[in-house]
Amino acid sequence: QVRLAEYGGGLVQAGDSLRPSCTASGGTGSGYAMGWFRQAPGKLREFVAGISWNGINKGYGDSVKGRFAISKENDLNTVNLVMFGLKPEDTAIYYCALAKSTLGVARSPEEYDYWGQGTQVTVSP
């Protein structure tokens, strides 16, 4: 059974940075596309960033483009999300996901097969 565990969220002030990470366990191997989504209270789950199975191709949601960076460490089954210049509107629960059938960047939640429990990111004004 694949398990995803996120860590590294927290409470920060506007303009600060955070680096949440997500580690996959349960015999997944390293050759899968992964991504980050977020969901704020009362809003739909939103695509934040995605990365291809080999870590070469990356994609970002419009609201975070230029401020967030996703990377993958295949030997550690880990995906990282570096978030710069955080804004109060970035406040949400951030979820890590793994797609077994997609090799490229997966942008839709339906493309993902496994999800983590989420890590809270709160940005104060």
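Small disclaimer: the values here were computed from a predicted structure and weren't measured.

## A few points about the state of the cysteines
Logical step 1: Inspection of every chain in the model, using the stated rule, returns one disulfide.
Logical step 2: Residue pairing for C22: its cysteine sulfur links by disulfide to C96, the two sulfurs lying 2.1 Å apart. Where C22 bonds to C96 through sulfur, the torsion about that S-S bond is close to -75°, and the disulfide is left-handed. Taken as a pair, C22 in strand β3 (residues 21-25) and C96 in strand β9 (residues 92-99) lie far apart in primary sequence, 74 residues in all.

## Things to note about the pairing of β3
Logical step 1: In terms of strand pairing, strand β1 (residues 3-7) meets β3 through five bridges, oriented antiparallel. Within β3, the residue paired with A5 across the bridge is T23.
Logical step 2: Relative to strand β8 (residues 78-83), β3 runs antiparallel, the two sharing three bridges. Across the sheet, residue T23 finds its bridge partner in β8, namely T78.

## Brief notes about the side chain of S21
Logical step 1: Position of S21 among the secondary structure elements: in strand β3.
Logical step 2: Residue contacts for S21: discarding those within four places in its chain leaves A5, E6, Y7, W36, T78, V79 and N80.

## Structural notes on the sheet that holds β1
Logical step 1: Read from one edge to the other, the open sheet built from four strands follows the order β1-β3-β8-β7, with strand pairing classed as antiparallel. Looking at strand neighbours, the two that pair on one side only are β1 and β7 (68-73), the edges of this open sheet. Ignoring which end each strand starts from, the neighbouring axes of this sheet average 15° apart.

## Concerning the packing of aromatic side chains
Logical step 1: According to the stated counting rule, one finds four aromatic pairs in the structure shown.
Logical step 2: Measuring from centroid to centroid gives 5.6 Å for F37 and F47, while their planes differ by 70°, and the two rings are edge-to-face. Taken as a pair, F37 in strand β4 (residues 33-39) and F47 in strand β5 (residues 46-51) lie far apart in primary sequence, ten residues in all. Accessibility classification places F37 together with F47 in one group, the buried group.
Logical step 3: Chaining the aromatic ring pairs together yields one cluster made of F37, F47, Y112 and W115.
Logical step 4: Here the guanidinium or amino end of R45 rests over the ring plane of Y95, the centre of that ring lying 4.0 Å away.
Logical step 5: Sitting above the plane of the W115 ring, R45 keeps its charged end 4.7 Å from the centroid.

Rules and cut-offs
Residues numbered from 1 in each chain as written. Predicted model: local features only at pLDDT ≥ 70, side-chain atom pairs only at ≥ 80, totals over all residues. Heavy atoms only, no water. Disulfide = S-S within 2.5 Å. Helix = DSSP H or I, 4+ residues; strand = E, 2+ residues; numbered from the N terminus. Pairing = 2+ DSSP bridges. Contact = heavy atoms within 4.5 Å. Axes fitted to C-alpha atoms, helices over the stretch in contact; angles between N-to-C directions. Phe/Tyr/Trp six-rings, centres within 6.5 Å; stacked < 30°, edge-to-face > 60°. Buried < 20%, exposed > 50% of the residue type's maximum accessible area, 1.4 Å probe, protein only. Lys NZ or Arg CZ within 6 Å of the ring centre and 35° of its normal.

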